[in-house]
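Chain residues, written in single-letter form:
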Amino acid sequence: MQKGRLFIPCAGGVEPLLAEELRALLPQVPQEAARGGVALTQATLLDALRINLWSRLATRVLVELGHAPYRDEHDLYDFARGLYWEAWIGPQQTLRVDVTARKSPLQSLQFAALKVKDAVCDTLREACGERPSVDTRDPDLPIVLHLDEQSATLYADASGEALFKRGWRQDQGDAPLKETLAAAMLAAAGWRGTPEQGGAFNDPCCGSGTLVIEAAQIACGIAPGGQRRFAFERQLPYKALLPDWQRMKQQARAAEHAPAVPLFGSDIAFRMVDFASRNAERAGVAHAIRFQGGDALERPAPALPPELPGTLMLNPPYGDRIDVAGKARSPQGLAARDLPPEAGPLGSGAARAGREAAQMDEGGDFFNRLAAHWKRQYAPHPAGWSAWLLSPDRELPRRMRLKESRKLPLWNGPIECRLFRFDLVAGSNRV
């Protein structure tokens, strides 16, 4: 089978985790580190199918079609015109061109996309007598044009919809966590769903259940892409591989198993617990998770065997995402939506300071009480608990009076966060 280059993009900060995941999935395929993802230099289209089915961290799978220097939009047209598009789609199918750029000298990326679209359509009209249509919502062939300062690369998107859309989350709250970020948090924590790698799992602020459901699918060996459709299923180069794709999915289903550790999820809003339960049912893991309502500041730690460790993991409320609820809610809280215009755009220093002020005003009492609750309820467990908390507030450990044992940068959409680890051992967590 012919080999070529794939580019596997991911969220910022996830690149090393994605590289490790891809080494486990495709140990024989060479890698190159890249900004915003990982490049696979000698991969096959069958490898692209396997990544779509099994990767929890990738945002999509891009097949490189060509790479060329450029100076203007006419060069982009000529570049795209020289590619063999009739091997990818027929004239009755649809396409869309998206553009990403870094230091590109072009004034209009939209015009660059138009020139590539024209080149594809002109190529197919010349070869087949007809031209394909554009579908901006669900095209048969999503095309990605990436521009840097001097060179252009064209990719065929094998995924279609972003891979964080697993197909099971139909009920969600105000600030849902992307499944790929949930998976990145679990990968960073080394949680593998076994007594030796992470132990029991508990998310006491589970919302619509993304974290605990992602954890449950890992614990049950469920492929993250097993319940959705992909763009490659309609692209011509994969037609001969569709029987292999069906076998791949059947083998994945046959390998599913019961979890080796218990998983728990709770939320103060019973509406969210109901959402999470329904999502877990669609994800095939309702049997693996115990959902309950209740305030994270009051619910006791789950009862575990003395020899079984546990992992607490939560993406708690903070200014840009959602208001704090429950005992720690402050009626004087300053939410991100209340920040004055002079706070600056999201991600600026002033805006970050505003976010952290919002978190302290709305959630400061929540986090102080949460730390005290952890010390009372979780630290006494003989095998120990580790707590992982995602927050944009870099000073949060000091404010919680806990000493983090690790902190990792992760991006929650446009929000720069840190994933903090706290080892909950009685009497040893104060700064």
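Residues numbered from 1 in each chain as written. Predicted model: local features only at pLDDT ≥ 70, side-chain atom pairs only at ≥ 80, totals over all residues. Heavy atoms only, no water.

## A short note on the overall build of the protein chain
Secondary structure summary: the protein chain contains 10 helices and 15 strands in total. Put simply, of all contacts in the protein chain between residues at least 6 apart along the chain, 79% involve residues at least 24 apart. Within the structure as shown, the protein chain displays about 19,100 Å² of accessible surface, and the carbon and sulfur contribution to it stands at 49%. (Helix = DSSP H or I, 4+ residues; strand = E, 2+ residues; numbered from the N terminus. Contact = heavy atoms within 4.5 Å. Areas by Shrake-Rupley, 256 points an atom, 1.4 Å probe, with all protein chains shown as cover.)

## Comments concerning the nonpolar core
Ranked by size, the top nonpolar core spans 124 residues in total, and within it Leu40, Leu263, Val285, Ile289 and Trp374 carry the most contacts. Sort the elements by how many residues they give to this core and helix H5 (residues 179-189) lands first, with 8 residues. Setting aside residues no more than four positions away along its own chain, Leu40 makes contact with Gly4, Arg5, Leu6, Ile8, Leu22, Leu26, Val29, Pro30, Gln31 and Ile51. By size, the runner-up hydrophobic cluster in this structure holds 5 residues, among which are Phe7, Ala39, Leu62 and Tyr155. (Core = buried A, V, L, I, M, F, W, Y, C linked by side-chain atoms within 4.5 Å. Buried < 20%, exposed > 50% of the residue type's maximum accessible area, 1.4 Å probe, protein only.)

## Things to note about the side chain of Asp203
Looking at where Asp203 falls in the secondary structure, it is placed in strand E9 (residues 200-203). Leave out the neighbours within four places in its chain, and Asp203 touches Leu211, Phe264, Gly265, Ser266, Met313 and Leu314.

## A closer look at the sheet that holds strand E3 (residues 37-43)
Two pairing modes exist for strands in a sheet, parallel and antiparallel, and in both the strands are linked by backbone hydrogen bonds. Spatially, 8 strands are ordered E2-E3-E1-E4-E8-E7-E5-E6 in an open sheet, and the strand pairing comes out mixed. Edge positions in the open sheet fall to strand E2 (31-34) and strand E6 (133-134), since each of these has one partner strand only. Relative to E3, E2 runs antiparallel, the two being bridged by 4 bridges. Paired with Ala33 across the bridge in E3 is Val38. Contacting strand E1 (4-9), E2 and E3, helix H1 (residues 15-25) crosses the sheet at an angle of about 30 degrees to E3. (Pairing = 2+ DSSP bridges. Axes fitted to C-alpha atoms, helices over the stretch in contact; angles between N-to-C directions.)

## Some words on the confidence of the model for the protein chain
Here the protein chain shows a mean pLDDT of 89. Residues at 70 or above account for 87%. Note on residues 320-326: pLDDT is under 50 here. Beyond four places in sequence and across chains, it has 26 contacts. In this model residues 328-362 is a low-confidence stretch, pLDDT under 50, and it forms 59 contacts with partners more than four residues away in sequence or in other chains. (pLDDT = per-residue confidence, 0-100.)

## Description of the layout of surface pockets
The volume enclosed by the largest pocket comes to roughly 690 Å³. In terms of lining residues, the largest pocket is bounded by 26 residues, among which Phe7, Arg35, Thr100, His146 and Tyr155 are the most central. Looking at the lining of the largest pocket, the elements with two or more residues in it are E1, E2, strand E4 (62-69), strand E5 (94-101), strand E7 (141-147) and strand E8 (151-157). Class assignment of the residues belonging to the lining of the largest pocket gives a composition of 10 nonpolar, 6 polar and 10 charged. (1 Å grid on protein atoms, 1.4 Å probe; cavity = no way out; pocket = protein on both sides within 12 Å on 5 of 7 lines; lining within 4 Å. Points joined across faces, edges and corners; volume = space filled by probe spheres on them. Nonpolar A, V, L, I, M, F, W, Y, C, P; charged D, E, K, R; others polar.)

## Looking at the sheet that holds E9
Sheet architecture is open: 7 strands sit in the order E11-E10-E9-E12-E13-E15-E14, paired in mixed fashion. Bordering the open sheet on either side are strand E11 (289-293) and strand E14 (406-412), each of which pairs with just one other strand. Between one strand and the next, the sheet's axes are offset by a mean angle of 20 degrees, whatever the strand orientation. The pairing of E9 with strand E12 (residues 310-314) spans 3 bridges and is parallel. Bridge assignment links Phe201 to a residue of E12, and that residue is Thr311. Of the strands in this sheet, E9, E12, strand E13 (385-391), E14 and strand E15 (415-424) are in contact with H5, which crosses E14 at around 165 degrees.

## Description of the packing of aromatic side chains
Tallied over the full model, the rule gives 11 aromatic pairs. When the ring of Trp374 is compared with that of Phe422, the centres are 6.2 Å apart and the planes differ by 50 degrees; the resulting orientation is tilted. With Trp374 in helix H9 (residues 349-377) and Phe422 in strand E15, this residue pair connects regions lying 48 residues apart in the sequence. What makes Phe422 buried here is its relative accessible area of 0%. One aromatic cluster in this structure is built from Trp88, Phe230, Phe232, Tyr238 and Trp245. (Phe/Tyr/Trp six-rings, centres within 6.5 Å; stacked < 30°, edge-to-face > 60°.)

## Side note on the environment of Asp135
Along the chain, Asp135 turns up in the loop between E6 and E7. Remark: the alpha-carbon pair of Asp135 and Thr94, spanning 41 residues in sequence, is separated by 5.7 Å. Residues contacting Asp135, with those up to four places away along its chain left out, are Thr94, Leu95 and Arg96. Within polar-contact distance, the side chain of Asp135 engages the backbone nitrogen of Asp138 at 3.2 Å. (Polar contact = N/O pair within 3.5 Å; in protein donor to acceptor, adjacent residues only side chain to side chain.)

## Focus on the pattern of salt bridges
Any two side chains of opposite charge can pair, given that their charged atoms come close. Inspection of every chain in the model, using the stated rule, returns 24 salt bridges. Between Asp138 and Arg234 there is a salt bridge, and its shortest N-O distance comes to 3.2 Å. On the criterion of sequence distance, the pair formed by Asp138 in the loop between E6 and E7 and Arg234 in the loop between helix H6 (210-219) and helix H7 (242-254) is long-range, its members being 96 residues apart. You can call Asp138 partly exposed: its relative accessible area is 38%. Of the charged contacts, one joins Asp244 and Arg247 as a salt bridge, the two residues approaching to 2.7 Å between their closest N and O atoms. Taken together, the residues span about one helical turn, with Asp244 and Arg247 both in helix H7 at a distance of 3 residues. With relative accessibility at 25%, the residue Asp244 sits in the partly exposed group. By relative accessible area, Arg247 is classed as partly exposed at 42%. Among the charged side chains, a salt-bridge network with shared partners connects Arg5, Glu32 and Glu64. (Salt bridge = Lys/Arg side-chain N within 4 Å of Asp/Glu carboxyl O.)

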